[in-house]
Amino acid sequence: MSEPFSRFLHPFDVTRHPSLELEVKRALLATWASDRSAVRNKPALRKPPGARRAVPVDDVLEALRSLDRGDGERARGR
């Protein structure tokens, strides 16, 4: 998947994606949350390479927590 972040406007778009494996979702969100994706001089924002816009790191972390709770799986009807 080249430039995977260009496909998603928000971290919850990752959690709701119907065909991504849970491990792939976690990997994408972990990269998004990484300090390497921090916006210069705005450490509360994350914008990984290829992303269309920056989002608050809190949104990324909440998306990861939703995977831990299984919210993404329930949203898919499982």
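Just so it is clear, the structure is predicted and the values come from calculations on it, not from any experiment.

(A) View of helix H2 (residues 22-33). Counted at 1.5 Å a residue, the expected span for H2 with its 12 residues is 16 Å, and the 16 Å between its end C-alpha atoms agrees. The complete set of buried residues in H2 reads Lys25, Leu28, Leu29, Trp32 and Ala33. Taken down its axis, H2 places every buried residue within 135° of arc, on the same side. Where the residues of H2 are buried, they touch helix H1 (11-16), strand S2 (42-46), strand S3 (55-56) and helix H3 (57-69).

(B) Focus on the confidence of the model for the chain. Scored by pLDDT, the chain comes out at a mean of 87, with 87% of its residues at no less than 70. Below pLDDT 50 for its whole length, residues 74-78 participates in 6 contacts with residues either more than four positions away or in separate chains.

(C) Broad picture of the pattern of salt bridges. A complete count under the given rule lists 4 salt bridges for this structure. With a closest N to O distance of 2.7 Å, Asp68 and Arg26 form a salt bridge. Pair noted here: Asp68 is in helix H3 and Arg26 is in helix H2, with a separation of 42 residues, a long-range link. Classification of Asp68 as exposed rests on a relative accessible area of 56%. In this structure, Asp35 engages Arg46 in a salt bridge whose closest nitrogen and oxygen atoms are separated by 3.1 Å. Placement of Asp35 in the loop between H2 and strand S1 (38-39) and of Arg46 in strand S2 is noted, with a sequence separation of 11 residues between them. Given a relative accessible area of 63%, Asp35 falls into the exposed group. Using a relative accessible area of 6% as the deciding quantity, one classes Arg46 as buried. Among the charged side chains, a network of salt bridges with common partners joins Glu62, Arg65 and Arg69.

About the cut-offs
- Residues numbered from 1 in each chain as written.
- Predicted model: local features only at pLDDT ≥ 70, side-chain atom pairs only at ≥ 80, totals over all residues.
- Heavy atoms only, no water.
- Helix = DSSP H or I, 4+ residues; strand = E, 2+ residues; numbered from the N terminus.
- Expected span 1.5 Å × (residues − 1).
- Buried < 20%, exposed > 50% of the residue type's maximum accessible area, 1.4 Å probe, protein only.
- Arc of directions from axis to C-beta.
- Contact = heavy atoms within 4.5 Å.
- pLDDT = per-residue confidence, 0-100.
- Salt bridge = Lys/Arg side-chain N within 4 Å of Asp/Glu carboxyl O.

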